[in-house]
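# Coordinate analysis (summary)
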Amino acid sequence: MGITADWIGCNNYNSGGPQKVGVTLHHQYGYGDNLRSVFENNGVSAHFNSCNGHTTQYVSLVDRAWHGGVEHDGSYWANTYMIGIEQANSSVAYPYPISDKTIEGTTKLCVEIAQVMGWKSYTRKQSEASATVGLLQGHRERAATACPGDYFFARLDSVCADINKRLGGNMGKAGDIIQWSPNFKGNQKWIISEEDKQGYCHITDVAKGRCLDVYGSKAEANAAIIAWPRKEPATANQLWRIEEHANGSWTLHSALDDELVLDIFGKSRSAGAAAILWQYTGAPNQCFIPVDTGEGSYYLLAAHSLLPLDVFGG
Ligand SMILES: [Zn+2]
């Protein structure tokens, strides 16, 4: 799980803002696999680009990209609330076709975004006034533009159906750590081990005795967090340093790298959003409120959503 697009980055974005509620699909009106200089020369950006099976990322999903432009109502709503994906054209002549490989890359990317954001499915033609989450739109639905081109726009409903079929109501894989609605079961109760000399502990679920574990020991932002049997001798990817804040909440620093902490992806407040590693910012989606179960364990509630950490699949 996680976002598999290659990170490129660019300078055109605003930091932070409200959580995203959906995805706006664009076409480039051109063909390019790396859009950084195109974005920076034109004062625009998007979170992602999809080109011939290769996806690349330019703006973090917690930040605001400049992909929507001014809209029919004069607002810049999509910039604030939507994740933007550019797509390469296979021809820049009408109807601006997009290759099957590019559409497949876009489809996979939309599945990954839904899984990490905790969206169960996408919805077409839903107005923002009634938006829950998972809105999927073409750029022209909000602004005076031909984007994403007639060829792709005619396929957008079936692309949405394909994405939803692949999601299948499945938020992730069994053993992924997510935030979820309280169920008062053992896969939401966590035992904090005695700290060792360096101040690190194991955090183990009551249901099956699995540890909070950084998948693949990847000491990098966006690394997935899973539940995995405890390793002997102890390994850094299963050890955490608890920083207690003045308000009683905890930030969990990974023993792999103290600057990387447990984080709920994209500041999502949706049940199903993934836990990942991310650079320490101190934001509420990196703070967990320990609630004593009275049984020697804790619920760990993400401070921004008040949803407990949960092992997906029980
Ligand atoms: Zn567009």
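The structure displayed is predicted, hence computed values, not measured ones.

### Some words on the environment of tyrosine 94
Along the polypeptide, tyrosine 94 turns up in the loop between β5 (82–87) and α3 (100–117). Residue tyrosine 94 is classed as exposed on the basis of its 10 C-beta neighbours within 10 Å. Spatially, the C-alpha atoms of tyrosine 94 and glutamine 126 are 28 Å apart, while their sequence positions differ by 32 residues.

### A closer look at the pairing of strand β11 (residues 210–214)
Judged by how many residues are buried, β11 sits mostly within the fold: five of five residues are covered. By the bridge criterion, five bridges tie β11 to strand β12 (residues 225–229) in an arrangement that is antiparallel. Bridge pairing in β12 places valine 214 opposite isoleucine 225.

### Here we look at the nonpolar core
The tendency in soluble globular proteins is for nonpolar side chains to be buried as a group. Formed by 80 residues in total, the largest nonpolar core has its most connected members in Ile177, Ile225, Ala275, Ile276 and Phe288. Here this core takes eight residues from α3, the largest share from any one element. When residues are assigned to domains, this core turns out to be shared by domain 1 (6–167) and domain 2 (177–311), each giving three or more. Excluding its chain neighbours within four sequence positions, the residues that come into contact with phenylalanine 288 are Ser249, Trp250, Leu252, Leu300, Leu301, Ala302, Ala303 and Leu309.

### Quick look at the environment of leucine 252
The residue leucine 252 is located in strand β14 (residues 250–254) in this model. With near-sequence residues (within four places) excluded, leucine 252 lies in contact with Trp240, Ile242, Val261, Leu262 and Phe288.

### Description of the domain arrangement of the chain
For interface size, the figure often reported is the accessible area lost on association. Here the chain is partitioned into domain 1 (6–167) and domain 2 (177–311). When each unit is reduced to the centre of its C-alpha atoms, the spacing between domain 1 and domain 2 is 31 Å. Residue-level contacts link eleven residues of domain 1 with eleven residues of domain 2. Of the residues assigned to the side of domain 1 that touches domain 2, the class counts are six nonpolar, three polar and two charged.

### Some thoughts on unusual backbone geometry
Here the bond from tyrosine 94 into proline 95 is cis, since omega is 10°, no more than 30 degrees from zero. Note that proline 95 resides in the loop between β5 and α3. Across the junction of cysteine 147 and proline 148, the peptide omega takes the value 10°, indicating a cis bond. Here proline 148 is to be found in the loop between β7 (135–138) and α4 (150–153). Despite not being glycine, serine 217 has its phi angle at roughly 50°, a positive value. Tracing the sequence through the fold places serine 217 in the loop between β11 and β12. Taking the number of C-beta atoms within 10 Å as the measure of exposure, serine 217 has 13 and is therefore partly exposed. One non-glycine residue, lysine 267, adopts positive backbone phi at about 55°. Residue position: lysine 267 is located in the loop between β15 (257–264) and β16 (275–279). Taking the number of C-beta atoms within 10 Å as the measure of exposure, lysine 267 has 22 and is therefore buried.

Cut-offs used in this document
- Residues numbered from 1 in each chain as written.
- Predicted model: local features only at pLDDT ≥ 70, side-chain atom pairs only at ≥ 80, totals over all residues.
- Helix = DSSP H or I, 4+ residues; strand = E, 2+ residues; numbered from the N terminus.
- Buried ≥ 20, exposed ≤ 12 C-beta atoms within 10 Å, placed from the backbone.
- Pairing = 2+ DSSP bridges.
- Core = buried A, V, L, I, M, F, W, Y, C linked by C-beta atoms within 7 Å.
- Domains from an automatic or database assignment.
- Contact = placed C-beta atoms within 7 Å.
- Nonpolar A, V, L, I, M, F, W, Y, C, P; charged D, E, K, R; others polar.

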